[in-house]
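These are the residues of each chain, in order.
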Amino acid sequence: MAEQKEEKKEQQNDEYNFHEAEPRILKFWEKEKIYKFDREKAKKKGKIYAIDTPPPTVSGKMHIGHACSYSQQDFIARYHRMKGNSVFYPFGTDDNGLPTERLVEKSYKIKAKDMSREEFIKLCTDFLKKELPKFIQDWKNIGISCDYDIYYSTINEHSRKISQWSFLDLYKKGRAERRDAPAMWCPECQTGVSQVEIKDKELESEFIYLKFFVDNKELEIATTRPELLPACVAVFYHPGDKRFSKLKNKKAKVPLFNFSVPILEDIRADMEKGTGIVMCCTFGDQVDMEWQKAHNLEIKEAISRDGKMTGLAGKYAEIGIKEARKKIICDLEKENLIVKREKIKHFVNVHERCDTEIEFVKSRQWFIRYLDLREKMLEWGSSLNWHPCHMKHRYGNWVRGLQWDWLISNQRHFGVPFPVWYCKKCSKLILADEKDLPVNPLKDKPRKKCSCGSEEFIPEKDILNTWFTSSMTPQLSTWLVPELKNKLFPMSLRPQAHEIITFWLFNTVFKSNIHFNKNPWKDVIISGFVTLEGEKMAKSKGNVIEPQPVLEKYGADALRYWASSSKLGEDMDYQEKELVAGKKFVTKIWNAAKFISQNLDNKKPKKLEETDRLFLARLNKTIEQATESFENYEYSRARQETIDFFWHVFCDNYLEIVKNRVYQGTREEKESAFFTLYYSLLSVLKMTAPFTPFITEEIYQKYFKKYEKDKSIHLSSWAEKMKIKENKNDSEILENLISVLGNVRMAKSRAQKSMKAEIILTLEKEKFDKLKNLLWDFKSVVNAREIKIGKFDVKFI
């Protein structure tokens, strides 16, 4: 009884338990520093493969999209490490600016504007110190093979110094300038926003057809923003629109507010929109701004920075925008100043961080001037290797559609300060000295007096936009290894999602070319969204899948297997069947390894049996295909080619064919089988290691480490083709063997006979001839007492 219990326990211990194995293997990797960047090797020789790892935004938990896209870039990193490259794969966190502020506000149920700057910065810093280790652990848990010792935070001293250096360099090159000008503003976040930080959102609205008056006659004008009436400064029509030509240079009386504005011509007026004549307010949109500048119109501000009506709005002052709109429409109706109301849906600009509708306010902001560089920007983008290729069109379309210079100042507490002061006496701008970086103008002072003799300075209180710092990630990472920074840059690869081509990729390309006159990387790989039933995941929709429960149920290897099922650039629907398939693969390769573990030998035999040679030739083809696919960043194809070989060639056929020879063959026949089993399984392990790093490490340590010199499969060399004699018709002969074997199995199955049932087999001469050098193995696997020539037939004995 005790012996039975011990035997059962031993069987259970021989099962692969990812709950136990994955944490244990993680500890092994960390202890042995398996993924440490070898600086000495990189200095001496060998190719460096440097990855500009996306620093995940610290805005809560890892989401399933993170797990997918980071796994995909990790497949590439692991492949290049096994190819013998010195892989520079740092890890950073994007934890400065608005995303962190909003997370801290949400976590502590407070508002930054209600606290002193110093108090709130301390709160953010303490929060990050507490949360970052847990946040980073999520990436480790899915097997992301970064060197976590090469780490940066976009708010730490190292990153602040580089970000401030970037500003100083751009200023000295005439690209950074401070302007008092209309800018996009988020009333919710209380900050200026740049073009890259807005998105289009379709909203329900109304066209309100209003009665303006010209010479006491009604003039019908449609608007979706009646709350901007107090900021109306002109009325425009198209010069080619004969309906309104008689109104040129006349005055129109604004309804409800009863002041008059000029009626002017401009080709930007859309004859087909509304009534064809439109009011210009400062500012409703980009066109209003263009009109104001082109016609030198006055600027009226009806909306304040906190999203409320100003004193210009009279009795509507201090009321929120939407409430003011309702009240103004109500009063317009009472005064019989509305012709009609028309329900519409239209796209409006919203802040990508909070979905609040963007307003345009006049404010003093810092900009990076770059609209004059469109042609160069297109050249820079075209010289990158894009994977997939069509993603470069998104970059090109963005550049062609640029309307604004880059607004880089935010009116928030937490972020990288501008290294700038202003002389209190003469208002001259004072730049920090580069050797003093990073500086905090609120606490630090310039080294010298102002040229006017004053020693009193006003610090710049705005902070640099988070994308301004994130666009320096090649320097944030490579400058952590100063002795190699010139070898590491330009980097080999930028992996990222398609939705931030306009944010992160574009600005990094721009800065790299302005600062260093070169592109920041050679290759770019773009991942897609993860959707659920075809819809993008969003908390507001309640359709977000978190990876933590998925890991608990299926394990990291299964999750990564799922991530490898989509091509680069394609949006990917979350489907549990792929996770189930991943878990089945883990079980299958574990069981296959156990099954053949007693019959492995790494010594190449003097003579390979013909069956073994044919299967190794097929393995060679798989290695060649998988390698080519990885070189082209087609990881999903590499995985599929390897999995097809493992399941359908190796497990379904070779293991069955060779089984009898393993137990009953001669010493030479066994040696050939043992070696083929060893080489085939080790090659499959190596080709699947980038996708399923935990199970492949476990099998390697348990069954292969004693034969191999490398302490981890992830430090071993990539699968190499076996040097064997190959013939042109090898593939045809092997396919014939597998096809005939399949037909015999089907016949036995239809007859409801055991696969071990003894038969007399009849084969067509052509198929028989192709099997003549494989007959011993073939007869054994189908258990044929005799093989005749003729029409295919299976006779049971």
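Please read all numbers here as calculations on a predicted model, not as lab measurements.

**A look at the overall build of the protein**
So, step 1. Along the protein, the regular secondary structure elements total 25 helices and 30 strands.
So, step 2. With the principal axes as the frame, the protein shows a C-alpha extent of 110 × 65 × 60 Å.
So, step 3. Counting the 797 residues in the protein, one finds 56% classified as buried.
So, step 4. When contacts within the protein are restricted to residue pairs at least 6 apart in sequence, long-range pairs at least 24 apart make up 77% of them.
So, step 5. Accessible area for the protein stands at about 36900 Å²; split by element, carbon and sulfur atoms hold 47% of it.
So, step 6. Mean positive and mean negative side-chain charge positions of the protein (138 and 117 charges, respectively) differ by 2 Å.

**A few points about the pairing of strand 9 (residues 232-237)**
So, step 1. For strand 9, a buried count of 6 out of 6 residues is recorded, marking the element as mostly surrounded by other parts of the structure.
So, step 2. Sheet topology places strand 9 next to strand 12 (residues 277-281); 5 bridges connect them, and they run antiparallel. Paired with Tyr 237 across the strands is Ile 277, a residue of strand 12.

**Some points on the environment of Cys 651**
So, step 1. Following the sequence through the fold, Cys 651 ends up in helix 20 (residues 635-664).
So, step 2. Distance from Cys 651 to Ile 589, taken between C-alpha atoms, is 9.0 Å for residues 62 residues apart in sequence.
So, step 3. Excluding anything up to four places from it in sequence, Cys 651 contacts Lys 588, Ala 592, Phe 646 and Glu 656.

**Examining the pattern of salt bridges**
So, step 1. Tallied over the full model, the rule gives 58 salt bridges.
So, step 2. Among the charged side chains, a network of salt bridges with common partners joins Arg 175, Glu 177, Arg 179, Arg 369, Asp 372 and Asp 405.

**Considerations on the sheet that holds strand 6 (residues 191-192)**
So, step 1. If you walk across this open sheet you meet the 4 strands as 6-5-14-16, and the pairing is antiparallel. The sheet is open, and its two edges are formed by strand 6 and strand 16 (406-407), each paired on a single side.
So, step 2. Bridge count for strand 5 (residues 176-186) against strand 6 is 2 bridges, and the pairing is antiparallel. Considered in strand 6, the bridge of Cys 186 is made with Thr 191.

**A look at helix 9 (residues 321-334)**
So, step 1. With 14 residues, helix 9 should cover 20 Å at 1.5 Å per step; its first-to-last C-alpha distance of 20 Å lies within 8% of that length.
So, step 2. Buried residues of helix 9: Ile 321, Ala 324, Arg 325, Ile 328, Ile 329, Asp 331 and Leu 332, and no others. Around the axis of helix 9, the buried residues are gathered within 165 degrees of arc, so they sit on the same side. Along helix 9, the residues that are exposed and aim more than 90 degrees away from the buried face are Lys 322, Lys 326 and Lys 334.
So, step 3. Next to the buried residues of helix 9 lie strand 7 (198-214), strand 13 (338-351) and strand 14 (359-368).
So, step 4. Count one or two residues on from helix 9 and you reach Asn 336, which has phi positive near 60 degrees.

**Focus: the confidence of the model for the protein**
So, step 1. Overall, the predicted model of the protein reaches an average pLDDT of 91, with 98% of residues at or above 70.
So, step 2. Low pLDDT (under 50) marks residues 1-12, which in the prediction has 0 contacts with non-local residues, meaning those over four places away or in another chain.

**With respect to the nonpolar core**
So, step 1. Counting 195 residues, the largest nonpolar core has Phe 167, Met 377, Tyr 395, Trp 562, Phe 650, Phe 704 and Phe 778 as its most contacted members.
So, step 2. Examining the composition of this core, we find that 13 residues originate from one element, helix 20, more than from any other.
So, step 3. Leave out the neighbours within four places in its chain, and Phe 704 touches Leu 600, Tyr 678, Leu 681, Leu 682, Leu 685 and Ile 699.

**Here we look at the pairing of strand 23 (residues 491-497)**
So, step 1. Of all the 7 residues making up strand 23, 7 are buried; the element is thus mostly covered by neighbouring parts of the structure.
So, step 2. Both strand 23 and strand 24 (residues 521-527) contribute to a ladder of 6 bridges, which runs parallel. Opposite Ala 497, over in strand 24, you have Ser 527 as the bridge partner.
So, step 3. Once you follow strand 23 into helix 15 (residues 501-516) and on to strand 24, the crossover reads as right-handed.

**Thoughts on the layout of surface pockets**
So, step 1. If you add up the space inside the second largest pocket, you get close to 1400 Å³.
So, step 2. Put simply, the parts of the chain that give the lining of the second largest pocket at least two residues each are strand 7, strand 8 (217-223), strand 12, helix 8 (286-294), helix 9 and strand 13.
So, step 3. Top contributing element to the lining of the second largest pocket by residue count: strand 7, with 8 residues.
So, step 4. Considered class by class, the residues forming the lining of the second largest pocket number 22 nonpolar, 12 polar and 15 charged.

**Quick look at the packing of aromatic side chains**
So, step 1. Under the counting rule described, the total for this entry stands at 47 aromatic pairs.
So, step 2. Taking 4.4 Å as the distance between ring centres and 15 degrees as the angle between the ring planes, the aromatic pair formed by Phe 236 and Trp 291 counts as stacked. Taken together, the residues span a long stretch of sequence, with Phe 236 in strand 9 and Trp 291 in helix 8 at a distance of 55 residues.
So, step 3. Residue class for Phe 236 comes out buried when judged on its relative accessible area of 0%.
So, step 4. Taken together, the aromatic side chains of Tyr 370, Trp 386, Tyr 395, Trp 398, Trp 406, Phe 468, Phe 506 and Phe 510 make up a single cluster linked through ring pairs.
So, step 5. In this arrangement the basic side chain of Lys 300 is found over the ring face of Phe 259, its NZ or CZ atom lying 3.7 Å from the centre.
So, step 6. The lysine or arginine in question, Lys 511, covers the ring of Phe 468, its NZ or CZ lying 3.3 Å from the ring centre.

What counts and what doesn't
- Residues numbered from 1 in each chain as written.
- Predicted model: local features only at pLDDT ≥ 70, side-chain atom pairs only at ≥ 80, totals over all residues.
- Heavy atoms only, no water.
- Helix = DSSP H or I, 4+ residues; strand = E, 2+ residues; numbered from the N terminus.
- Buried < 20%, exposed > 50% of the residue type's maximum accessible area, 1.4 Å probe, protein only.
- Contact = heavy atoms within 4.5 Å.
- Areas by Shrake-Rupley, 256 points an atom, 1.4 Å probe, with all protein chains shown as cover.
- Lys, Arg positive; Asp, Glu negative; His and termini not counted.
- Charge placed at Lys NZ, Arg CZ, Asp CG, Glu CD.
- Pairing = 2+ DSSP bridges.
- Salt bridge = Lys/Arg side-chain N within 4 Å of Asp/Glu carboxyl O.
- Expected span 1.5 Å × (residues − 1).
- Arc of directions from axis to C-beta.
- pLDDT = per-residue confidence, 0-100.
- Core = buried A, V, L, I, M, F, W, Y, C linked by side-chain atoms within 4.5 Å.
- Right-handed = clockwise from strand over helix to strand, strands pointing away.
- 1 Å grid on protein atoms, 1.4 Å probe; cavity = no way out; pocket = protein on both sides within 12 Å on 5 of 7 lines; lining within 4 Å.
- Points joined across faces, edges and corners; volume = space filled by probe spheres on them.
- Nonpolar A, V, L, I, M, F, W, Y, C, P; charged D, E, K, R; others polar.
- Phe/Tyr/Trp six-rings, centres within 6.5 Å; stacked < 30°, edge-to-face > 60°.
- Lys NZ or Arg CZ within 6 Å of the ring centre and 35° of its normal.

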